[in-house]
Amino acid sequence: MTKLYLKKGREESLLRFHPWVFSGAVFGLEGPDPEEGDVVAVYSARKEFLGWGHYQIGSIAVRMLSFADDMPAGGPDLAFWTARLQGCLQARRAFGLAGFATTNCYRLVHGEGDSLPGLIIDWYDGVCVMQAHSAGMFRARKMIAEALQAVYGDQLQAVYDKSEGTAPFKAGLDLGDGYLYPASAPQGLCPRTVLENGHRFLVDWENGQKTGFFLDQRENRALVERYARGRRVLNLFCYTGGFSVYALAGGAVSVDSVDSSGRAVELVEKNITLNFGADAPHRAICADAIDFVKDAPKDAYDLMIVDPPAFAKHRGALNNALRAYQRLNAAAISAVAPGGLVFTFSCSQVVDRETFALAVFSAAADAGRRVRIIDRLNQPADHAVNIFHPEGAYLKGLVLYVE
Ligand code: SAH
């Protein structure tokens, strides 16, 4: 196996279990030239063994799979993947997510948070949807699908690979979304109705965004349910209506759901009907959320949810993103009725919690309203942050009380 040597002093972060080797830290390679996705062994300049992981050309040269000398001869095998996935499932059971009747969807693998950098797997009541973000995980996808069968047994009905949009390379690899299990594409499986905190949601992993559903807002939706009673709710960037369903369940007098994706808006309608029948006090609106809230009559809503897509996908976009968060939040804070609540989120990894709070602070000042922060929100346990990889904390939110 190829050995990768680090420059002098560059082993510090690996000794603290940070899962990435940046290309700038690499001194050189010894052995056959690795292909993207091959496993390499990583050594310090003093030739101390540090661990092993997936090699890739790019700013992250190695994504570490282990900091121990435990690589199976011939590379990670079925037993390796099975043991790792079993560990992830055991953690979800410990978090009170797997094996419960009222919630049957959760994130099984959250990349670095689960010490499996580059791999996302979401569980939708018997269907696993996988997204590889690295060459190594993409090349391992068939073995990972086999390992899922070993872990879940009869409970597993299908494994769908949705890496086409996430795998960071195209050349020479047979990208194309589809079922890894069973051998022929199952009929009538997608979309599928799952349960989250007892609420029903249709999940369409084949055509939807990401893996089909935003599982990371589960806890925050439950908080909206607690606050919704008697309020007129506006759910901006609603996607398939997660927050809208919880708001109605919590006793909202009306809910308006806004998204610019026509397909998402169709699914919101279906999800509302699925839970509350056709006469629920709900409107699904296909529109630009920013224009909608700017034009909204003042005082028409007592609770707003503002959950936009990541405005900054990389550091270079940070300043523009912060201005966009400020404008959007200023519009929401201006429009909400006196005594109203704004649940506002950012899922941009490069915008940290304090920077986001500053953007919202500026927004409140622009709106000229008195605002209290009454809660600070997070990503849930199945999207856990590896303590050695704080960059994994991406979702943050504030609940604002606006006088
Ligand atoms: N709150 C959702 C997830 C939001 S994801 C949930 O709980 O499931 C972000 C959503 O914003 C996507 O559905 C995307 O279609 C939508 N979107 C992106 N840009 C938009 C815009 N300018 N106006 C309205 N919706 C937008």
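These figures come from a predicted structure and were not determined experimentally.

Thoughts on the environment of Phe 356
Alright, step 1. Its place among the elements puts Phe 356 in helix H10 (residues 353-367).
Alright, step 2. The exposure class of Phe 356 is buried, given its relative accessible area of 1%.
Alright, step 3. Once residues lying within four places of it in the same chain are set aside, the contact partners of Phe 356 are Tyr 325, Asn 329, Thr 344, Phe 345, Ser 346, Val 351, Lys 396, Gly 397 and Leu 398.

Notes on the packing of aromatic side chains
Alright, step 1. If you walk through the whole model with that rule in mind, you get 18 aromatic pairs.
Alright, step 2. Ring plane angle 25° and centroid distance 6.1 Å describe the contact between Tyr 106 and Trp 123, whose orientation is recorded as stacked. Highlighted residues: Tyr 106 in strand E7 (residues 105-110) and Trp 123 in strand E8 (residues 119-124), separated in sequence by 17 residues.
Alright, step 3. According to the relative accessible area criterion, Tyr 106 is buried, its value standing at 3%.
Alright, step 4. Pairing Phe 311 with Tyr 325 gives two aromatic rings, centres 4.7 Å apart and planes at 40°, and the pair type is tilted.

Regarding the nonpolar core
Alright, step 1. Grouped together as the largest cluster of nonpolar side chains are 39 residues, with contacts concentrated most on Tyr 124, Trp 205, Val 233, Ala 247, Ile 305, Phe 343 and Phe 345.
Alright, step 2. Of all the secondary-structure elements, those providing two or more residues to this core are strand E9 (127-132), strand E10 (158-161), strand E13 (199-203), helix H5 (218-227), helix H6 (242-249), helix H7 (262-276), strand E17 (303-306) and strand E18 (340-346).
Alright, step 3. Formed jointly, this core draws a minimum of three residues from each of two domains, domain 2 (78-192) and domain 3 (214-402).
Alright, step 4. Not counting residues up to four positions away in its chain, the partners in contact with Phe 343 are Asn 220, Leu 223, Val 224, Tyr 227, Leu 303, Met 304, Ile 305, Val 306, Leu 377, Leu 398 and Val 399.
Alright, step 5. Core analysis: the next-biggest nonpolar cluster, separate from the first, contains 38 residues, Ala 289, Met 304, Val 360 and Leu 398 among them.

Overview of the site of the ligand
Alright, step 1. In the region of the ligand, 15 residues are neighbours, and Arg 221, Asp 259, Asp 288, Ala 289 and Asp 307 sit closest.
Alright, step 2. In the model, an oxygen atom of the ligand is placed 2.8 Å from a nitrogen or oxygen of the Arg 221 side chain.
Alright, step 3. Burial of the ligand by the protein chains amounts to 89% of its free accessible area of 580 Å².
Alright, step 4. Its residues placed into classes, the shell around the ligand shows 8 nonpolar, 3 polar and 4 charged.

Quick look at the pattern of salt bridges
Two side chains with opposite charge may pair up if their charged atoms get near one another.
Alright, step 1. As enumerated under the stated definition, the model contains 13 salt bridges in all.
Alright, step 2. Among the ionic pairs, Arg 192 bridges to Asp 125, the shortest N-O distance being 3.8 Å. In this pair, Arg 192 is assigned in strand E12 (residues 192-196) and Asp 125 in the loop between E8 and E9, connecting sequence segments 67 residues apart.
Alright, step 3. Taking the relative accessible area as the measure of exposure, Arg 192 reaches 14% and is therefore buried.
Alright, step 4. Through salt bridges with shared partners, a single ionic network connects Glu 11, Arg 46 and Glu 48.

About the criteria used
- Residues numbered from 1 in each chain as written.
- Predicted model: local features only at pLDDT ≥ 70, side-chain atom pairs only at ≥ 80, totals over all residues.
- Heavy atoms only, no water.
- Helix = DSSP H or I, 4+ residues; strand = E, 2+ residues; numbered from the N terminus.
- Buried < 20%, exposed > 50% of the residue type's maximum accessible area, 1.4 Å probe, protein only.
- Contact = heavy atoms within 4.5 Å.
- Phe/Tyr/Trp six-rings, centres within 6.5 Å; stacked < 30°, edge-to-face > 60°.
- Core = buried A, V, L, I, M, F, W, Y, C linked by side-chain atoms within 4.5 Å.
- Domains from an automatic or database assignment.
- Near = heavy atom within 4 Å.
- Polar contact = N/O pair within 3.5 Å; in protein donor to acceptor, adjacent residues only side chain to side chain.
- Areas by Shrake-Rupley, 256 points an atom, 1.4 Å probe, with all protein chains shown as cover.
- Nonpolar A, V, L, I, M, F, W, Y, C, P; charged D, E, K, R; others polar.
- Salt bridge = Lys/Arg side-chain N within 4 Å of Asp/Glu carboxyl O.

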